[in-house]
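Residue-level structural notes
One-letter residues, chain by chain:
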Amino acid sequence: MKKLLVIAVALASVNAYATRARVIALANAPHLVDTQTVYTNPADIFGLGDYVTLETGLTTGTTATNQAEGMVVRTMGDAKMGLSLGHQSQNAATWGLRTTLGGALPGNLGVNQQNPVEFTYGAKSGDMNWAGTLVYSSLNDKDLNNLKESSMGVRLGARANMWDASLRLGLVNTIQDDVSGKYTGTLGLGAHFGYQMDTLYWTANVASNGYKVENIAGTETNKFTQTAFDVGVMTSVKKDGSEMFYGASLAQSDLKDTVLDTKVTSTSLPLFIGMEVDAASWLTLRGSVTQTLQLLNNDKTETAGTATTDHAPGYNDTVVAAGAGLKFNKITVDGTLQAAGATGSQNLNGNSLLSTLGMTYNF
Amino acid sequence: MKALLFLTLILISEATLASKSRLTSLSQSPHLIDSQSVYFRPLGVFELDPYLALESGLSTPVGLNDGAEASLLAVPATNSRVLVSIGHQDELIVAPRLFLNAFAASSLRLQQNPVHLFYGYKDEDTNYVASASYSQMNDRVGNVTESSGLISAGVEMGSLQLFGTYIVANNAEAAGVKMNGAGGGAANVFYNLDSTTFFLTWNMTRAKSAISEIENEFHVAQTGQLGFVDSKIKEERDYFWGGQVIISRVDCHTRASIDCSQTFTRTRFPVWFGVEGQMEPWLIVRASITQNFLIDQIKDEVGYPAAVVPGANGAVSDVGAGATSTVVGFGAGFKFGRVLVDGSFKAATSQTVNQNDFLTQSAITYNF
């Protein structure tokens, strides 16, 4: 069994020096271990070897997938260290926690982490690998109404033969200026546990975070809390350098803003199926589909006790994602095939070939 | 004969783990068996190897063929097949909704997160298949709902295939318009004789809607097809040609809340020919052409809009020979080991293959 698992991990790592594009093309499946999952479980650096990864994108990104970032990971004796530049934590981004249920944060408060830096250190301990990451960002613009932004967080992760776990703590998350007021994040907590039982991989995730926004007079304009959990199971079939996987999860979330008197709840049962294939010595092709099972696809938004949206079950959300990885010796260039995805155009042409481009160099 | 048929099937199956673009490129020829044709020839699952097919498209489709979807065929035992599909918009369900949206300016939604499940069983010389599909959505604040249910069953005995589909439920509501399309269905017969496939198909859909419980539209559409396709495999290339008589009829029972007893009828005789061949180990090229031949009689007593009923022109009409109908399909499949990437060349309609008009309806199929 152990031998099979080692082989399985080895097969996974053939394609694992991949990028944001790989994660998107493979439906963010929970069993993936690659240069992007390191940001969730730092111990994943032990499944990858030494590398440099670069993700194309904007200097001031607007979504989780269009921000420029990069990371280098090197072995130092029995330990490994990593340095990441530019990666935006979900809890400190305008597409994540730095927005309100009523819209963008007021004035200039709607900024992402500014020049975020992450330092990772990990080591082996018997059959277990562990690692920790320290996250930091700051900004002080005296010319723009003394706009200040700062964030600090810690991620801890461990991975053993049959299980993996991670813990993410958001310690500091503040934005303020002299005109718009102050945004203060509460202690953010995220935890994950995964367990391999025979051919099934079980996962559980829980997250809890929040923030408050005060105007310049000190009056609270937002007080937000969020809790979410999901449990899931999946399996994968590996054969001849290719992998096909499928799974499902049960997800539930509650978002609440007591000042806006708005509450959003959702419960869903998303399914996913995906594949990753070594199509040629220089080419890896990937694809996946996700869709929520309508037996459980409910969401409701209430403001002042009145439902403003209430879906039971909700609208179509089928998403097909596809991508390719081009391998040139130690370098892999990944991209998503823009024909697919949430705004899929069905077209594969010069304008819609590779997007979300990333490159990884394997030392 | 059996050995020849078996060899034919092997040659076909290399190229058949294909997609919407394959059907488009080959003029929807009824002899095709692949990951898309299984929706109207489900007994074809016994001729396909296990696969995962992903079709690119929109999460919120507005038509029959522009949505994202995927299907997975598994072989749990040597004599059984299981096919699961998500996202596929079924024509029998969606066509009446599109009809009412275009004709009566309603805003009914298509199927939302549909799921299809097929099960096939082989018993000595007879193959059986049964399937069911389901979709549902309920927006309680916007009062927008939809639900659908389809069941079908079929049997294959030697060269003869029979299967039928029944629409158990087809409901949709939006902006005060309630639609009920239950009770329609389809019946198909396919017979293989040497290299020729003969087919007889019939389908019926009901587009019935009401506003404030008062019926405002009720139209019943029926289509019958009788035809043949001759397909010859030579040197890994499939050359095929065929013809069919298509008789379409739409009976108007209620139009704009007023009783109606007019009909639309159309009789036409399209012919087509095409080729599909593996030109290189990594390249499959497909091309076809279809056109009505001699017969295209249209009698429209209602004046259905062109967007609603093929052949209609928005006015009461009696046409002896319809408008030009030549359509060229052109596409390719790129093979990388077990993976096939398909697409239709936009040159088929634009005459240009360039960076902007390369592949449409792209899809990836993995054969495992």
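The paragraphs below set out a description of the structure included in this document.

Criteria and cut-off values
- Every chain is numbered on its own, with residues counted from 1 as its sequence reads.
- Numbering of ligands from 1 and lettering of chains from A proceed in the order in which they are written.
- Predicted model: local features are reported for residues with pLDDT of at least 70 only, side-chain atom pairs are reported and counted for 80 or more only, and whole-chain, interface and lining totals are derived from all residues.
- With hydrogens and water excluded, all non-hydrogen atoms of the structure serve as input to the side-chain values.
- The contact definition used throughout considers only heavy atoms, calling two residues in contact when any of these lie within 4.5 Å.
- Throughout, buried area stands for the accessible area (probe radius 1.4 Å) lost by two parts on being put together, summed over both.
- The salt bridge definition used is simple: a Lys or Arg side-chain nitrogen within 4 Å of an Asp or Glu carboxyl oxygen.
- Polar contacts, as counted here, are pairs of nitrogen or oxygen atoms within 3.5 Å of one another; within protein the pair requires one atom able to donate a hydrogen and one able to accept it, and residues that are adjacent in sequence qualify only if both atoms are side-chain atoms.
- Secondary structure counts use DSSP, requiring at least four H or I residues in a row for a helix and at least two E residues in a row for a strand, with both numbered from the N terminus.
- Three labels apply to residues, based on accessible area from a 1.4 Å probe with only protein chains included: buried if under 20% of the type maximum, exposed if over 50%, partly exposed otherwise in between.
- At least two DSSP bridges between two strands are needed for those strands to be called paired.
- A patch is a set of surface residues, each over 30% in relative accessible area and not in a salt bridge, joined within 9 Å for like charges and within 5 Å for the nonpolar side chains Val, Leu, Ile, Met, Phe, Trp and Tyr.
- Surface exposure here means Shrake-Rupley accessible area, sampled with a 1.4 Å probe, where a residue is shielded only by the protein chains that are shown.

1. Some details on the interface of chain B and chain A
Between chain B and chain A, the residue contacts involve 48 residues of the former and 50 residues of the latter. Buried surface at the junction of chain B and chain A, summed over both partners, amounts to about 4000 Å²; 59% is from carbon and sulfur atoms. Our count for the contact surface shared by chain B and chain A stands at two salt bridges. One salt bridge in this structure joins Asp240(A) and Arg338(B), with 3.6 Å as the shortest N-O distance. Applying the counting criterion to the chain B and chain A interface returns 16 residue pairs in polar contact (both at pLDDT 80 or more). Elements represented by at least two residues in the side of chain B that touches chain A include exactly β1 (51–55), β2 (69–77), β5 (126–139), β18 (339–345) and β19 (359–367) of chain B. Top element by residues in the side of chain B that touches chain A is β19(B). It accounts for six residues.

2. Regarding the pairing of strand β1 (residues 51–55) of chain A
All names here are of chain A. The alternating pattern of β1 places Tyr-51, Thr-53 and Glu-55 on a buried face, while none of Val-52 and Leu-54, on the opposite face, is buried. Inspection of the sheet shows β1 paired to strand β18 (residues 354–362) by five bridges, in the antiparallel sense. Counted as the bridge partner of Tyr-51 is Asn-362 from β18. Bridge analysis of β1 against strand β2 (residues 69–76) gives five bridges, and the strand direction is antiparallel. When the bridges of β2 are listed, Tyr-51 appears paired with Val-73.

3. Details of a nonpolar patch on the surface
All names here are of chain A. On the surface, Leu-83, Leu-85, Val-117, Phe-119, Tyr-121, Trp-130, Leu-134, Tyr-136, Met-152, Leu-171, Val-172 and Leu-187 cluster together to form a nonpolar patch covering roughly 1100 Å² of accessible area. When residues of the nonpolar patch are traced back to their parent elements, those giving at least two are β3 (79–85), β4 (117–125), β5 (128–141) and β7 (163–177). Structurally, the position occupied by Phe-119 is in strand β4. Look at Phe-119 and you get partly exposed, because its relative accessible area is 42%.

These results come straight from atomic positions and should not be treated as a statement about function.
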